[in-house]
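What the coordinates show
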Amino acid sequence: MSSEIILQTNDLSVYYGAHRGIKDLNLSVQKGEVFGYLGPNGAGKTTTLRAILDIIHPTRGTANLFGLDSQKDGVAIRERISYLPGELSLYRSMKASDFFDLLGSLQKNKLDKSYLEQLIERVDLDPSRKMKEYSHGNKQKIGVVAAFMGKKELIILDEPTIGLDPLVQQTVLELVQEVKKDGRTIFLSSHNLKEVQTVCDRVGIIQNGELIKTEKVKTLITQQLKRLEIHFRKEPPHGAFPIEGVKEISRDGNLVLLEVSQNLDRLIEQAAPYGIVDIETKTVSLEEIFLAFYGPQNKGGQNV
Amino acid sequence: MYNLVIHETRSRWRAILGWGFGLILFGAVYISIFPGLFEQFKSLKDLAVYKLVGMQLGSVEGYMASVILVYAVILLCIYCIIASTSTLAGEEDNGTLELIVAMPLSRWQILTAKAVALSVVVLFMMTIASIGNAIILAVIKINHPINVTPFGLFTALMSSLPLALGFIMIGLFLGAILPNRRLSATVLTIFFIASFFGENIAGMVKSLEPIRFFSLFNYYNTTEIIFSDGAQLSDILILLGIAAAFFILALICFKRRNITVGAWPWQRGKITDEEYISS
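Note that this is a predicted model, so its numbers are computed, not measured. (Residues numbered from 1 in each chain as written. Chains lettered and ligands numbered in written order. Predicted model: local features only at pLDDT ≥ 70, side-chain atom pairs only at ≥ 80, totals over all residues.)

**Remarks on the overall build of chain A**
Counting secondary structure elements, chain A contains 10 helices and 15 strands. Each principal axis of the C-alpha distribution contributes one length, and for chain A these read about 70 × 40 × 35 Å. In chain A, which comprises 304 residues, the proportion classed as buried is 40%. (Helix = DSSP H or I, 4+ residues; strand = E, 2+ residues; numbered from the N terminus. Buried ≥ 20, exposed ≤ 12 C-beta atoms within 10 Å, placed from the backbone.)

Structure, rendered in structure tokens:
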């Protein structure tokens, strides 16, 4: 991954009349990285992608891609980008093969037909049928092939694996990793946190249109939320650790499992009187971190 | 852009053939029944209801002008309403426009490609219909003396193209400015009906004469003179001017449009500082 910035938004805001889409979004994506974009439904993920591609015009702020302004230099930017929309709609009476030809013909660079065939084979798609004859999953395969076939420098994927069977999901993740290996960049908006954890280098978390966190996945997992299993000499009473950012998950006699997002030093301080025999750190998944951000007890991740 | 024009045109080949041959069939029925019913039609020529719908039943030529030219063109305009409002607004409703807008094409290129494709489709459609109707007339003329040449009918039918272009561009403009296809089609249909009946009513009521100028049909000649003299250049230029004006308006609106949002124009403007701070 190089330090060259491929995508940079500066106070990017989109309002629909008085309704908020996204607000003062400042994020940057580096060349060669896989950037995951997370957030609950209606948080503003798709609005962000559409504003970046100038499908929706920003109300305020700018989006720069490859050092070019998304509104002024939209055509030059889109020559270097491919996009898989979250709600993929295809021409019902068109054959998939004709659809790929059409998309290829609208590009400046000539399409690599052998790579296209390879992609079609890898996702196990029969391109000779009309769109209306395909199942939802097969339509999504068409979208995936369309997004990857141009070998673009930046690939923007909005929920790419939705509706796909586990095998094809795996293929998509492999494709993402191949793009990364190739030095190209992926911007991945997804609800599937396992896949984000698997392929993404960094994630941005958006809530109510505002970017509340941007972090490396590894850092997020190792630093943001810890799960500690403490073996005490003497069993502490229930509610023994009323500390902000510390939550008791379960206990089995002297063995207490705690989730800690902050104030670890205070926890150790308050736990010491009960005699600490052993402390074990448990791995926390991105999903658990995400739920900690958006869970009912912690809306917005104030305690994460 | 050229490839998009080809795609847009090719995707409508069924419409070209269907509507083209449909219009031939329509003309065939109405041209062929007239010689046998001429005397009966003549007695109805002064009825207001026929004048309201623009029919002239006093002569074969008048009948052909008012039936073939008017009703074939009404059918053509119906196609234009359907096709033009389904092009931008319809594709946005379906979600396919998002894919095209994400391609390396500017908004003006997309709209121009679609406008050109629709114009080509209508041109093909009317060419098929005009040739077909001219052939049918030539066949009927063998047994019935009709003072209209097949070429006269061909050029008269082809002269409806500027009118069709006018409706197409208005449809594209409405698709670019209104939130969805249903509304665009409704507004254009209302305009079309008002335009058609407004022109005919204004022809019957002197005090309503000024409203004619707002009707596109005012610039489309459906009297028998068109078979011999052809369409007036001034009418063609006015219709092409209207089409060009609405095309430019459509370009401006489409460039500003937030695709996939389906918002009214006033919801697309920039928010004020007060709104921004309070939000």
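**Details of the overall build of chain B**
Of regular secondary structure, chain B possesses 12 helices and zero strands. When the helices and strands of chain B are placed in sequence order, the string is α-α-α-α-α-α-α-α-α-α-α-α. In chain B, once contacts between residues fewer than 6 apart in sequence are set aside, the share between residues at least 24 apart is 75%. (Contact = placed C-beta atoms within 7 Å.)

**A look at the sheet that holds strand E12 (residues 226-232) of chain A**
Residue and element names in this part refer to chain A. Strands sit in the order E13-E14-E12-E15 across an open sheet of four strands; the sheet is antiparallel. At either margin of the open sheet sits one strand with a lone partner, and together these are strand E13 (246-252) and strand E15 (276-282). Neighbour to neighbour, the strand axes of the sheet diverge by 20° on average, direction disregarded. Bridging between E12 and strand E14 (residues 255-260) involves six bridges; their strand directions are antiparallel. Within E14, the position partnered with histidine 231 by the bridge is leucine 255. (Pairing = 2+ DSSP bridges. Axes fitted to C-alpha atoms, helices over the stretch in contact; angles between N-to-C directions.)

**Considering helix H11 (residues 233-256) of chain B**
Residues and elements named next belong to chain B. Its 24 residues give H11 an end-to-end C-alpha distance of 35 Å, which sits within 8% of 34 Å, the value for a rise of 1.5 Å per residue. Within H11, the full set of buried residues consists of Leu239, Ala243, Phe246, Phe247, Ala250, Cys253 and Phe254. Residues of H11 that are buried make contact with helix H4 (60-94), helix H6 (107-141) and helix H8 (161-177). (Expected span 1.5 Å × (residues − 1).)

**Topic: the interface of chain B and chain A**
If you look at the interface, chain B gives 24 residues, while chain A gives 26 residues. If you tally residues by element for the side of chain B that touches chain A, the top one is helix H5 (residues 96-101) of chain B, at four residues.

**Thoughts on helix H1 (residues 2-10) of chain B**
For H1 of chain B, the complete set of buried residues consists of Leu4, His7 and Glu8 of chain B. Down the axis, H1 of chain B shows its buried residues gathered within 95° of arc, on one side only. Of the surrounding elements, those touching the buried residues of H1 of chain B are helix H3 (96-105) of chain A together with H6 of chain B. (Arc of directions from axis to C-beta.)

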